[in-house]
Structures are given as C-alpha cells and as structure tokens.
Amino acid sequence: MKAENLLASASINIGVAMFILSLFSILKKQPSNAPIYYPRPISLNHHIFLDERFTFSRFLPSLEWVRRASRVSEGQILQQCGLDVLVFIRLFKFGINFFTVSCVVGVLVLLPLNYIDGDRLSSQFHSVNSFTISNIKGGSNRLWVHLSCLYFISCYGLYLLYKIHGKSIRETIEKLTQQSLTNRYTRRSDSSKIEILKEMLQDVCRKIRHIRGEAMLSEKELPVAFVTFRSRLGAALAAQSQQHSNPLVWITGIAPEPRDVLWSNLAIPYRHLPLHEIVVFLLASLLTIFFAIPVTAIQGIAKFEKLRKWFPPAMAVQLIPGLRSIVTGYLPSVILNFFIYIVPFCMIAMAQMAGYISRSKKDIKACNMVFYFLVGNAFFLSLLSGSLLDQIGESFTHPKDFPGHLASAVSAQADFFMTYILTNGLFGFSLEILQPGLFMWNYIKSHTWHRGKRKTAYLNSIPYYRIIPFVALSILIGMVYAIISPLLLPFLVGYFLLGYVVFINQIEDVYITYYETCGQYWPCIYQYILVALILMQITMVGVFGLKSKPSASISTIPLLLLTFSFNEYCKRRFVPTFHKYSMQDAKKNDELDEQNGLMEANLQNALDAYCPPCLRPVDFEVVESCSTQPLISPK
C-alpha cells in the first residue's frame, strides 16, 4: 500500500470519529436523551444533573465524559457492576499495556531497522512496506534483533496473563465469599387502596399461573430440578461428584444464578442436546462457507492492480484525483466490517438453539463461535485471498522465487489490517457510544405515537458475545504483526485507549448487569490471547526461515515450548478455580454464615429465588419477558 492510501484511510476514520464523538458529547447533555445515554442511573434511581436551561454550553462539544471515565477505578467497577464487567475491562487494559510496551520497542528499534536496509536507504520510501520485515535482506544479521524483540514481547505478554490470572482468582474467591446463595428480593408496600387492589390482582394471577403450571406439568414431568441444600459444602459435594455409575443417568452441576436461568430450555431432554450441537455446527459451517465470498471480493478491491486486470472498467477510478486512495485504502475495511457486523447476531441465534439452561453459557458459547469464525475468515481468509494466492500464481512462472514471495506475502496484508483496525476502532467504537439507531428510534417514538407520555429508559446488558471476539481479534492481528510490521502498533494503542474510555462510559451510564458468572469469561479471553501469542511465534518461525535465517527459526522453538508450558501450568493452577468450588472455601463460607446466623435465611432465599416462573407473583410495573413464561408452552 502506498503511503497516501493509508493516509486517506486514517484521515477519513479520524475525521468521522471526531465528528461522531463531538456529536455524542452534545447529545449526552440534552435532558430529552437521558433514556438513551443514562438508562443505568435512571433504573437505579440515581440523581442525574442535566441543565434544562437553554444555555450555549449545552451545544458545545466537551471531553467531560472522557475525564470521568479515566477516574473510574477497578474497585468501583467490581463493586457496582461485578466481576464479569471487570474482566471485560481488563481485556482493554491488557491491550493498552501490551501494545504500549510493544509500540515503544517497535517504533524505537524495529521501524528504523526495517527502513534502513544495510548501507542504503530503502528504495520504497513511499510505500508502507518499507517499514516491514520484508525490507530486510535475506540472511541479514539484523534479524537477530527481531528475534530478541519477539522474545521480549512474548515474555511480557505471558507476564501480563499471569498477573491478571492471579488477580482474577483472588477476586473470584472473594466474590463467592461475599455472594449469598441467592439474591434477596424486596417489594415495596403501601397502605393505599391502589396497592391493596394490586396485591389482590397479583394473588389472582399467581393462582392462575399455579393452576396452569400444574396442569401442564401433570401432562409432562420434566427430568430436571433445582435442589437446594442447607450448606454450601453439601451443594458443592453434590454438584461436583458423580452420582451414578453411569454418568449419563444422573447429571449434576452447579446451578446458575436465578436471574441467569433460561427456564424454557429446561424442558429439552438431555439426550437431545448432542443433536442440537450438531445442528449448530452445521449452520456455523454454512455461514463460514458463505462468508468466503465477500472476503475474497473485498481483497480484490484492496489489490487494485489485480482488480484492474480482472475488471478493466475499474480503471475509471484513476480519473478522479484521490479516489483510488479512498477505494483501495478505506472502502475494503468498511465493507469487511459491514459484513462481519451481522456475524455475532447469527451466532447468538445459533447458541440459543443449542439448548443451554443459562444465558451466560449461551453467551459464552456465542463468544467462542464468533472469535474462531473471525480468526478463520476475517484473518486467515483475508490473508490467503489477498496475498498468498497471488504469490502462488507468480511462483508457477518463477518457482525459485517462491520462498521470497511467501515471505513478503505475510507482510503484504499489514496495510489492509491497519485500515481494518482504524475502521473497527475509530468508527466502530464511536458508533457504539453514539447509538444512532436507538437515538433515531427514540426521536421518532417521542414525536409520534408516544408523544407526551412518560419516557422509559432503554436498558440492555453488555453484549459480551459481540465485543469480546472483535477486541480479541485485534489483539491477534497486533501480535502477529508486532514484529513483521511495527507501524501497526501505534494504531492499536489508540484503538484500546478509545475502547477503554468508551466502554467505561457505557458500563457507568448505559449497560446493566443481567447476570454474574464470577469471571467465567476470563478463561475464554485467556485462551484467545494465548492463541494469538502462539500464532505470532509460529509465523515468525516461518518468516525467519524464508528470510534465509534458519538459526533464528530454530531459536524461536524454545519460546514456543515456554508458551505451551505456561499454558499447561495455568490450566492446572488457575483454570479449575473458575469451574469448581473448593470444599475449603465452601466450608469457610458456611462457618461465616453460621456465625452470623444466616444459614436459615440463605436456605429460604434459595427456595424463593429458584421458584418456577409460573409460581412467582406478578409485578405489573415490569414488562414480562420470556424468562417469566411457564416451563412448557401449551400445545
């Protein structure tokens, strides 16, 4: 890619992002937009100070939301939002810490080393490729510097993972210690006539639901139940042990939170779940195959010289000054982001079909599906269709040059992923905080059929399955290209800084917590980052070999062994804590409850919390969802 193409993409993305963020800072100040930009404080009955007077300052952009986000501590996030949200924010902090250090190493060491080839300046000074490892001559001793930087960056990444692992383990145990067996439910009471009538109506509805539920359950008994124990120790022993010699006859497990349960999926027989998984796998495979078509077409646009050969009318783009830079530098990343935007929604629909009994398991499944889909399609398929296939075609006419073509092919796609990071970060995060679709919907609703009525807050939970995989993909891209094309690193630092302040704002003012898994997302995030580290090291083994430096390739193997050993240690030391509840901690918590006289209260709370939806009292102030429907739908 020429420098002007990258400059065109950066200019457009930065300009659009500045406009959107400025517009957001203005709209956030308007009282009429509080249901969109302050739904969380509204739902918690927190006071929001918005000046309703017509003042000039209300219509001036400001950075107050950025300053406010920068002052939020991890302790506040843990206390107000829970461990899941803290783990989510730590993903951005990992990106900031890792790529800041990598950026310093890359800009101060690798960039000058790549640009100055031997005793001469690069003849490709006008090209982005002059800053990549492809500009280093084959067999050059300068590649040892790249190997040293690879060791340093990899070890620093492992250190950050170990550090976060330890903190997450401690906080998980503390969260389990503080957490009661169930949430306590409170209900406001009033002696007014309206409240009395409402309670009477609730009692009637409860009886109707009870009769309806008993009638349906008598026709079909569900082979599933929530069993409540008097102590955590008893519950942990029963949930984590095999109850029958045939493990498929009687299956036990730790129950999800009451608010996390998907009651409708409890009716799915356990023996049918493998069939659901097969269907989900087939659907995901079809989506993967279908997605190969637009990715290949996008790379055709990015490679203008090839596009001009395949489609001669494309030469007309050159007639307009600057249009080619926009078409090849900006348009491909926009189209790719448009297509992959729909992927998370497809995956969450597939995960819903898998029959999981909790929202958290469904979201984690969708999160994994989206990440590996993006790795296979948005990353590898872009690499193959955009560079390797072209290089292989040339190798048929010049077979001896194939190693050189393959070595340059890896770095050839760095320019495309630079524009992808710019578009996904600047444009994507800006739209996330602006919420233009919800803003337009609220505007139309407020000025048509809902005019003059009381506005309700637009409450949503954090879409982990939509955000975590895309952020993890950016980490993977950054790690793979950290040594190959260090010019990408400053863009990634900006990407994670913007993402951090955007989502701190969102969790403080917009998103609410629908469930808490005590950090179950961290093992997934850890696995994504580890995949990125291993892929970076394997890529460099190949690059060193193709650069006629086999000794450097061999010297990379100990680093791979160190990474695999680190993973084995973490799987044995840290990961089990996220999936199992130790007897020691359970007994310790039971003793604390017994000292405080909470054993009977916790038991009663558990009985109330896991009451089937058809037996719960109706709250007429809350719109019912699918979670309050009977376990079995009437035929």
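Residues numbered from 1 in each chain as written. Predicted model: local features only at pLDDT ≥ 70, side-chain atom pairs only at ≥ 80, totals over all residues. Heavy atoms only, no water.

The name an unreviewed UniProt entry assigns to the chain is CSC1-like protein At3g54510 isoform X5, from the organism Coffea arabica. According to the UniProt record, the Sequence similarities (unreviewed entry) comment for the chain reads "Belongs to the CSC1 (TC 1.A.17) family." (UniProt positions renumbered as here; feature names shortened; annotations may be inferred.)

### Looking at the overall build of the chain
Looking only at helices and strands, one finds 25 helices and 4 strands in the chain. When the 635 residues of the chain are sorted by exposure, 48% land in the buried category. In the chain, 82% of the contacts between residues at least 6 apart in sequence involve partners at least 24 apart. Carbon together with sulfur atoms contributes 65% to the accessible area of the chain, which is approximately 31,800 Å² in total. (Helix = DSSP H or I, 4+ residues; strand = E, 2+ residues; numbered from the N terminus. Buried < 20%, exposed > 50% of the residue type's maximum accessible area, 1.4 Å probe, protein only. Contact = heavy atoms within 4.5 Å. Areas by Shrake-Rupley, 256 points an atom, 1.4 Å probe, with all protein chains shown as cover.)

### Details of the nonpolar core
In this structure, M479 and Y481 are the most contacted members of the largest nonpolar core, which totals 141 residues. Counting 5 residues, the second largest nonpolar core, distinct from the first, contains V261, W263, L266 and A609. (Core = buried A, V, L, I, M, F, W, Y, C linked by side-chain atoms within 4.5 Å.)

### Quick look at the packing of aromatic side chains
Under the definition given, this model contains 25 aromatic pairs. Aromatic pair F88 and Y464: ring centres 5.8 Å apart, planes at 80°, arrangement edge-to-face. On the criterion of sequence distance, the pair formed by F88 in helix α6 (residues 83–115) and Y464 in helix α19 (residues 464–484) is long-range, its members being 376 residues apart. One exposure class covers both F88 and Y464, and it is buried. One Lys or Arg, K28, reaches over the ring of Y38 and ends 4.2 Å from the middle of that ring. (Phe/Tyr/Trp six-rings, centres within 6.5 Å; stacked < 30°, edge-to-face > 60°. Lys NZ or Arg CZ within 6 Å of the ring centre and 35° of its normal.)

### Digging into the packing of helix α21 (residues 521–546) against helix α22 (residues 550–573)
One way to put it is that α21 packs onto α22 with a least axis distance of 8 Å and a crossing angle of 165°. Relative to α22, the element α21 lies roughly antiparallel. Between α21 and α22 the crossing geometry is left-handed. Note on element contacts: α22 touches α21 through P550, A552, S553, T556, L559, L560, T563, F564, F566, N567 and C570, opposite Y526, L530, I534, Q537, I538, V541, F544 and G545. (Axes fitted to C-alpha atoms, helices over the stretch in contact; angles between N-to-C directions. Parallel < 35°, antiparallel > 145°, perpendicular 65-115°, else oblique. Left-handed = near helix turned anticlockwise from the far one by under 90°.)

### Looking at the side chain of R359
Here R359 shows up in helix α15 (residues 359–395). At 5.2 Å, D260 is the nearest oppositely charged side chain to R359, a buried residue that forms no salt bridge. Reaching out from R359, the side chain makes a polar contact with the backbone oxygen of R259 at a distance of 2.8 Å. (Lys, Arg positive; Asp, Glu negative; His and termini not counted. Salt bridge = Lys/Arg side-chain N within 4 Å of Asp/Glu carboxyl O. Polar contact = N/O pair within 3.5 Å; in protein donor to acceptor, adjacent residues only side chain to side chain.)

### Points about the pattern of salt bridges
Considering all chains together, one arrives at 13 salt bridges under this definition. Put simply, K28 and D509 hold a salt bridge, and the shortest N to O gap is 3.0 Å. Within this pair, whereas K28 is found in the loop between α1 (3–27) and α2 (34–37), its partner D509 is found in helix α20 (residues 489–509), the two being separated by 481 residues in sequence. Assigned by exposure class, K28 and D509 land together as buried. Among the ionic pairs, R90 bridges to E74, the shortest N-O distance being 3.1 Å. Note that R90 is positioned in helix α6 and E74 in helix α5 (residues 74–81), a separation of 16 residues in sequence. Beyond isolated ion pairs, a larger network of salt bridges with shared partners links K28, R68 and D509.

### Observations concerning a nonpolar patch on the surface
Together, V104, V107, L108, V109 and V145 make up an exposed nonpolar region whose accessible area comes to about 370 Å². Looking at the nonpolar patch, the element that brings in the most residues is α6, giving 4 residues. Structurally, V145 can be placed in helix α7 (residues 143–178). (Patch = residues over 30% accessible without salt bridge, like charges linked within 9 Å, V, L, I, M, F, W, Y side chains within 5 Å.)

### As for the environment of L533
Note that L533 resides in helix α21. Since its relative accessible area comes to 0%, L533 is described here as buried. Spatially, the C-alpha atom of L533 lies 9.0 Å from that of L560, the residues being 27 residues apart in sequence. Beyond its immediate stretch of four places on either side in the chain, L533 contacts S154, G157, L158, L161 and M479.

### Thoughts on unusual backbone geometry
One non-glycine residue with positive phi stands out, namely Q435, at about 50°. Along the chain, the position of Q435 falls in the loop between α17 (414–434) and α18 (436–446). For C518, which is not a glycine, the phi torsion comes out positive at approximately 60°. Here C518 lies in the loop between β4 (511–512) and α21.

### Observations regarding α21
The end-to-end C-alpha distance of α21, which contains 26 residues, comes to 38 Å, matching closely the 38 Å that a straight helix rising 1.5 Å per residue would cover. Trailing α21 by a residue or two, S548 shows a phi angle of about 60°, which is positive. (Expected span 1.5 Å × (residues − 1).)

### Examining the side chain of N505
Residue placement: N505 occurs in helix α20. Within the structure, the side chain of N505 is placed 3.3 Å from the side chain of K28, a separation counted as a polar contact. Aside from chain neighbours lying at most four places away, what touches N505 is F24, K28, W65, R68, A69, I433 and V510.

### Let's talk about the packing of α5 against α6
Viewed as axis vectors pointing N to C, α5 and α6 meet at an angle of 145°, and their least axial separation amounts to 7 Å. Where α5 abuts α6, its residues E74, I77, L78 and C81 lie against L83, V85, L86, I89, R90 and K93. Looking at the contact of α5 with α6 residue by residue, the class counts come to 7 nonpolar, no polar and 3 charged. (Nonpolar A, V, L, I, M, F, W, Y, C, P; charged D, E, K, R; others polar.)

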